[in-house]
Amino acid sequence: MLKRFLILFTTVLLVQTGVTQAAEEKRPEVGRYVKAYSGAENLKVWTTRIGPESNHEALLQIGGIDHAWDMKIMKVKIEPAGKSDRYIAQVDGKPFTALILTNESAELYLPNAKRVYSVGYSKELSEQGNSERFLTDYLQQGEK
């Protein structure tokens, strides 16, 4: 009886270790820092790089706004455009420019919104950010 228990316990432990290692191996790299922006009426935007820098991809999260994207974390492409970077999301299978960053300010565009939202770099929000936790939240949310 004890022998069966030990075999079962060892098997469960080995399977659990393998699952944990596999999950860690699939975790993409992220940038070292989160960059955050804030605007009027409590609008907030957070970004961090995901994957190798050469992929030009980021995680983007918007909060404090009455919109379907509120607190959703999206993986976006970054396209340099002169002195700005454009963060391109997929909306209904088509590219959509969601954010244009220029130095320390940005313009936020939301699908079906009738206006452009201005946000500026927030050192305080950026310092509160943690890119690994940001990635964990994204992975737990699943790509929707």
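The structure this text deals with has already been given above.
Values in this document were obtained by computation on a predicted structure and should not be read as measured data.

## Overview of the nonpolar core
A general feature of soluble globular proteins is that nonpolar side chains tend to end up buried together.
Here is step 1 of the chain: The biggest cluster of nonpolar side chains holds 21 residues, and the ones touching the most others in it are Val45, Ile62, Leu99 and Leu108.
Here is step 2 of the chain: Mapped by element, the contributors of at least two residues to this core are β3 (57–63), β4 (73–81), β5 (84–91), β6 (94–102), β7 (105–108) and β8 (117–121).
Here is step 3 of the chain: Beyond its immediate sequence surroundings of up to four residues, Val45 is in contact with Lys35, Ala36, Tyr37, Leu60, Gln61, Ile62, Leu99, Leu108 and Val119.
Here is step 4 of the chain: Within the second largest apolar cluster, 11 residues are counted, among which are Leu59, Ile73, Leu135 and Tyr138.

## Structural notes on the side chain of Ser131
Here is step 1 of the chain: Along the polypeptide, Ser131 turns up in helix α3 (residues 131–141).
Here is step 2 of the chain: Leaving out residues up to four positions away in the same chain, Ser131 has contacts with Val30, Gly31, Arg32, Tyr33, Val34 and Thr48.

## Quick word on the environment of Ser122
Here is step 1 of the chain: You can see Ser122 is positioned in the loop between β8 and α2 (123–128).
Here is step 2 of the chain: Judged by relative accessible area, Ser122 falls into the buried class, the value being 11%.
Here is step 3 of the chain: Considering only alpha carbons, one finds Ser122 and Tyr37, 85 residues apart in sequence, at a separation of 5.0 Å.
Here is step 4 of the chain: Excluding residues that lie within four positions of it along the chain, Ser122 makes contacts with Ala36, Tyr37 and Ser38.

Quick notes on the rules
Residues numbered from 1 in each chain as written. Predicted model: local features only at pLDDT ≥ 70, side-chain atom pairs only at ≥ 80, totals over all residues. Heavy atoms only, no water. Core = buried A, V, L, I, M, F, W, Y, C linked by side-chain atoms within 4.5 Å. Buried < 20%, exposed > 50% of the residue type's maximum accessible area, 1.4 Å probe, protein only. Helix = DSSP H or I, 4+ residues; strand = E, 2+ residues; numbered from the N terminus. Contact = heavy atoms within 4.5 Å.

These values are about where atoms sit, not about what they do.
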